[in-house]
Amino acid sequence: MIKIPKRGSMLYGYEHTLMYGRYREDLGHYARTQAKNLKILRGKDEELMMKKGFRRYQRAWKRKIRAFLQVLWNHTFAKVGEDWIFLALLGIIMAVLSFAINVIVEQTATARRRLYHDVSSDLPYMKYIAWVSGPLVLVLFASGFVHVVAPQAVGSGIPEMKTILRGVVLREYLTLRTLVAKIVGLTFTLSSGLPLGREGPFVHISSIIATLLSRAVVSFKGIYEIESRVIEMLAAACAVGVAATFYTPIGGVLFSIEVTSVYFAVRNYWRGFFAACCGATVWRLLTVWIRGASISALFRTSFKSEFPFDPQELLVFAIIGVLCGFGGAGYVAFHRKIVQFNRNHKKWNQFLQTNRFIYPGLVTLLIVSCTFPPFLGKYMAINASTHLIIEQLFSNITWGNQAQDSEAQDIINHWTTSHTNIYFHLIFFIIMIWWTSALASTIPVPSGVFIPVFVIGAAFGRLVGEVMALLYPNGIGFAGRHLPIVPGGYAVVGAAAFSGAVTHTISTTVIVFELTGQMSHIVPVIMAVLIANAVAQSLRPSIYDSIIEIKKLPYLPAIMSTSSLAHRIMIDDIMTREVIFVWKDCCYKDIKNIIESYGSIETFPLVDSPKSMVLLGSVHRNELDFILQQQLCRERRLQEVKRRYSQQDSLKFTMPYVYGSENSSRSSKYDLTEPDEPSSRSASSGFGNQSSRFEIYPVNHQPQESSLTNESDNYRSTPPISANHSPKIPIKSILKPAAQFTSYSPNSVVTQDFKLRQAFENIFMKSLKLQDANNGKNDDTISSSEPSTPIIQRRVQLPRERVIDMSPEEQLAWEEDQLNQIIDLSSCHIDPAPFQLVERTSLLKVHSLFSMLQLSLAYVTSIGRLVGVVTLRDIRTAIEKMNNGSLLPRSLSLSPLNQRSNSKDGENFLSLRI
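As the structure is a computational prediction, the values presented were derived from the model and not from experiment. (Residues numbered from 1 in each chain as written. Predicted model: local features only at pLDDT ≥ 70, side-chain atom pairs only at ≥ 80, totals over all residues. Heavy atoms only, no water.)

**Considering the sheet that holds strand β10 (residues 830-831)**
The condition that has to hold: At least two DSSP bridges between two strands are needed for those strands to be called paired. Per the convention used, a helix needs a DSSP run of H or I reaching at least four residues, while a strand needs a run of E reaching at least two, with both numbered from the N terminus. By definition in these notes, contact holds between two residues if any of their heavy atoms fall within 4.5 Å. Angles shown run from 0 to 180 degrees and are taken between the N-to-C directions of axes, each axis being a line fitted to C-alpha atoms and, for helices, limited to the stretch in contact.
Here four strands make up an open sheet; going across it, the order is β5-β6-β7-β10 and the pairing mixed. This sheet does not close on itself; its edge strands, each paired only once, are β5 (582-583) and β10. Set on the sheet, helix α23 (residues 621-631) makes contact with β5, β6 (603-607) and β7 (615-620); between it and β7 the angle comes to about 80°.

Following this line, the structure appears as structure tokens:
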């Protein structure tokens, strides 16, 4: 049939043979569009193939490079020793990084001072803006960058490393993102000029680099996958971080051991020394080659070696130690008060959390405004850098003698004005650095506190030395001789004592000896540091332990009391008696309830039965999750469906076939109706009470006029027959009725009819349960007001994946049946020997075991029976209560009779043990 399109149609003027309906566009335009689409698709396919080929080529090259590095390692460095290469590389990287940060910080500070001095003095507000704008922008950028990239890079880093070396895993703390955030944030923070240090952040940076190097070495040396090996490398990295800050390899190792370890393995000693020496040497060589500095000590002094101090001055040095102890404890308490104020005031805390740039901006603006040179900065030598201030404080020149040489005059110009003297400047400098450094350390940026407290101690010692020189201008007489007072020696003693009191370390003595290059004041320094530590430890924890308590990191505090109370408090006084456990014959439903009810427990004890409570081991939460998921997984469910269908098919195949009865006449015809008719479903015995998605409609048999008419009419849409419409032609079965067989034989007709009927039945049964694996709808439908015409698809489309699955009701019933089964523990890992304690273990022993073995929990047993569990939090709470006096042994609350009986039982028990 040929039709001519109407006027106005897009096909007007063309005659087409409408074999499949009316065309929608010009054939030429359609062909060009399809060609263009094919070209685009071909280009995309070629581009995809090129990318795949490039990736395959890239992977091949990576494998070749890795193999070459492995061969090179095995034949060169592996024979020397991988630890030596690893540690040397760690020290060199940290030295280069430290030197680069120092150069950037000094150049930025010089540019800031130059900008301030270049502004005209006639415009004081412009000088104030030039002085304030730089630090404000740098601190805000550092705070924002760290918050966006890695918030865990905020702070010192030593408290977190102390926790990690104890065995606690802190997520995302030793990653590459944290390293970038720490380096960038520390550089901008130090460039701002705030009274902050770098020693703690350098310990953190060194630990991250050691972790990344360990991961890189794992690809061709698997020994670094061992957890104990990583801990050893981290211990050495902490020493490198301290050594990279100053030229102090020996003091850096000792300091890192004191601030990060409770129990230190001696086998790691040489690793720390070697890496620290490599880092300190390379750092010092870089300063000599690039900046022309000497290779001597960083703050070299020239004290007299024969009689550096008078023995009567030891009393003054002891007083310095006492005052530094009180000052260090006060510094830690002031820092803690600031943090608690920000956290306890909920509205203020919520405001700061919402506006994260407000607090750093306000604190920076306050500190920089107070140090503005025309205001208060002129009383605290604000124009001198931190390095220059330490050199002047350690100088061998007495400031109060009014020396006329140029070096002494330059120092005096920094520490005096026309209406003030050096004593007022030193006092004001100590007070300002004391509160500004404590306040600045609460800003959410990478920063440390060691250098500020070191400078505070040096200034305090210098003040005491200048006062002693003023009181005794000719020195203190002893045995007919007068030895002059050396204020620089007092500054060295004060720096070691105050920094040791804040950090609770003794290794600051070695650090000052390496910094000054002299050990002439070894006795006063050690005495003052010991006294300062004794005073500070009796009042407050160290600054790092205080930060651990503030952040609530999982770390055990030290037992401060030396009385026998820690020996008399037993583990059964502090343990948790209500233990959540898993028993051997429990079902999967019990496991599911335990996992869902106790989400914070990571490890569950495994007992023989709830009645006997004999401890068999411990199971991790992930193992229980795994076996529960395996029990209810989709594969098992599909296997069950397959088994049921195979069983159903086998039953139907063995079902007897009887003709002439009512049931056989019904089964000979398939009544295919809509699923909404239960009566029709039940009447069809061929489906076994299963619903069908198909319905048979009558077919109008018309004479075939021509092939063209038939092909066009077959694609015309026929309107559906409504439910109320009764067709004139009765519904016919797709199979031949049984009445057609007038005679049959069991071997021929019946068998053929049964097989054919069984095949169609299987098809309909499976189509009833088919579910699409991909439930997405096809969006390629075309909506048009014109009659729909078939579109010839050029591309071959694969059919959707279809699976046979259960209905929701059947799935719930199956899951309930699976959960009621007995658990199978053969597929999960069970720790057969978890750490156990007996009931009468003292708190002091438990504290030592948890600290030495890096434990997080232990099970308490009595003759093999599980009676309780003790965790790291329980021990920490018990120690805090014991130090406060609120926890007493249970024996103190017993009557004297019970005490006598307990003592007799204890004696009998001891005799049995002996």
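**Topic: the side chain of S395**
Under the convention used in this document: Each polar contact in these results corresponds to two N or O atoms within 3.5 Å; when the atoms are within protein, one needs to be able to donate a hydrogen and the other to accept it, and residues that are neighboring in sequence are counted only if both atoms are side-chain atoms.
Structurally, S395 is set in the loop between α13 (386-393) and α14 (406-414). In terms of polar contacts, S395 uses its side chain to reach the backbone carbonyl oxygen of Q392, at 2.7 Å. Not counting chain neighbours up to four residues away, the residues in contact with S395 comprise I411, R462 and G488.

**Regarding the packing of helix α22 (residues 588-597) against helix α29 (residues 808-819)**
The cut-off we apply is this: Under this scheme an angle from 65 to 115 degrees is roughly perpendicular, one under 35 degrees roughly parallel, and one over 145 degrees roughly antiparallel; angles in between are oblique. Here the nonpolar group is Ala, Val, Leu, Ile, Met, Phe, Trp, Tyr, Cys and Pro; Asp, Glu, Lys and Arg are the charged ones; every other residue, Gly included, is treated as polar.
The interhelical angle for the contact between α22 and α29, taken along N-to-C directions, is 95°, at an axis separation of 7 Å. The orientation of α22 relative to α29 falls into the category roughly perpendicular. For the pair formed by α22 and α29, the contact residues are Y588, K589 and K592 on the first element and E816, Q818 and L819 on the second. Considering only residue class, the contact of α22 with α29 consists of two nonpolar, one polar and three charged.

**Regarding helix α20 (residues 543-551)**
Rules: Relative accessible area decides the class of each residue, using a 1.4 Å probe on protein chains only: under 20% of the type maximum gives buried, over 50% gives exposed, and in between gives partly exposed.
Regarding α20, the residues found buried are I543, Y544, S546, I547, I548 and I550. Looking at the buried positions of α20, the neighbouring elements they touch are α4 (158-165), α8 (249-260), α10 (314-344) and α17 (487-503). With its phi angle positive at about 60°, K552 sits one or two positions after the end of α20.

**A look at the nonpolar core**
The condition that has to hold: To define a nonpolar core, start from buried Ala, Val, Leu, Ile, Met, Phe, Trp, Tyr and Cys residues and group those joined through side-chain atoms within 4.5 Å.
Core analysis: the largest hydrophobic core is formed by 110 residues, its most contacted members being F394 and W415. Among the elements that line this core, the one with the most residues is helix α16 (residues 450-471), at 12 residues. Residues in contact with F394, not counting those within four places in the same chain, are F299, T301, F303, F454, A458, R462, G488, A491, V492, A495 and T516. L565, L843, L855 and A878 belong to the second-largest nonpolar core, a separate cluster that totals 23 residues.

**Quick look at the packing of aromatic side chains**
To be explicit about the condition: Any pair of Phe, Tyr and Trp rings, taking the six-membered ring for Trp, is counted once the centres come within 6.5 Å. Such a pair is stacked with planes under 30 degrees apart, edge-to-face with planes over 60 apart, and tilted for the rest.
Summed over the entire model, instances satisfying the criterion amount to 23 aromatic pairs. Pairing W84 with W270 gives two aromatic rings, centres 4.8 Å apart and planes at 40°, and the pair type is tilted. You can see W84 sitting in helix α2 (residues 82-118) and its partner W270 sitting in helix α9 (residues 269-291), a full 186 residues away along the chain. Owing to a relative accessible area of 40%, W84 belongs among the partly exposed residues under this scheme. For W270, a relative accessible area of 32% puts it in the partly exposed group. Measuring from ring centre to ring centre gives 5.6 Å for Y379 and F424, while their planes differ by 90°; the resulting arrangement is edge-to-face. Of the two residues, Y379 sits in the loop between α12 (358-370) and α13 while F424 sits in helix α15 (residues 422-440), which places them 45 residues apart along the sequence. Accessibility expressed as a relative area gives 37% for F424, which makes it partly exposed. Following the ring pairs from residue to residue traces out a cluster consisting of F255, F299, F394, F450 and F454.

**Here we look at the pattern of salt bridges**
Two side chains with opposite charge may pair up if their charged atoms get near one another. Let me state the cut-off plainly: Basic side-chain nitrogens of Lys or Arg form a salt bridge, by our definition, when they fall within 4 Å of a carboxyl oxygen of Asp or Glu.
Going through the model one piece at a time under the given rule, you end up with nine salt bridges. When the shortest N-O distance is used, the salt bridge between E160 and K551 registers 2.4 Å. In this pair, E160 sits in helix α4 while K551 sits in helix α20, placing the two residues 391 residues apart along the sequence. Given the relative accessible area of 6%, E160 is considered buried. The closest approach of N and O atoms between E466 and R462, which form a salt bridge, is 3.0 Å. Of this pair, E466 and R462 both sit in helix α16, four residues apart, roughly one helical turn. Of the two residues, E466 and R462, both sit in the buried class. Through salt bridges that share partners, E640, R643 and R644 make up one connected network.

**Points about the packing of α17 against helix α19 (residues 522-539)**
To keep it simple, the criterion reads: With the far helix as reference, a near helix turned anticlockwise by less than a right angle produces a left-handed crossing, and one turned clockwise produces a right-handed crossing.
Between α17 and α19, the shortest axis-to-axis distance is 8 Å and the interhelical angle comes to 30°. The orientation of α17 with respect to α19, classified from their angle, is roughly parallel. The two elements α17 and α19 cross, and the hand of that crossing is right-handed. Together, V492, V493, A496, A497, G500 and A501 of α17 and P524, V525, A528, V529, A532, N533 and A536 of α19 make up the contact between the two elements. Residue composition of the contact of α17 with α19, by class: 11 nonpolar, two polar and no charged.

**A short note on the sheet that holds strand β11 (residues 836-838)**
Spatially, the three strands line up as an open sheet ordered β11-β12-β13, and their pairing is mixed. Strands at the two margins of the open sheet, each flanked by one partner only, are β11 and β13 (865-871). Averaged over all neighbouring strand pairs, the angle between strand axes comes to 35°, with direction disregarded.

**Concerning the confidence of the model for the chain**
Definition in use: Per-residue confidence from the prediction method is given by pLDDT, with values spanning 0 to 100.
Of all residues in the chain, 72% have pLDDT values of 70 or greater, and the mean over the chain is 76. At the level of individual helices and strands, the chain shows its lowest average pLDDT in helix α26 (residues 678-683), which scores 38, and its highest in α17, which scores 94. Segment residues 770-794 is flagged for pLDDT under 50; beyond a separation of four residues in sequence, or across chains, it makes 30 contacts in the model. This stretch, residues 894-914, has a pLDDT under 50; its non-local contacts, to residues over four places away or in other chains, come to four contacts.

**Quick word on a nonpolar patch on the surface**
The test is simple: The patch calculation keeps residues exceeding 30% relative accessible area without a salt bridge and links them within 9 Å when they carry like charges or within 5 Å when they are nonpolar (Val, Leu, Ile, Met, Phe, Trp, Tyr). Every accessible area reported is derived by Shrake-Rupley at a probe size of 1.4 Å, with residue values counting cover from the shown protein chains alone.
Together, L123, Y125, M126, Y128, I129 and L365 line one region of the surface with nonpolar side chains, adding up to about 520 Å² of accessible area. With four residues, the top contributor of residues to the nonpolar patch is helix α3 (residues 124-149). Here L123 shows up in the loop between α2 and α3.

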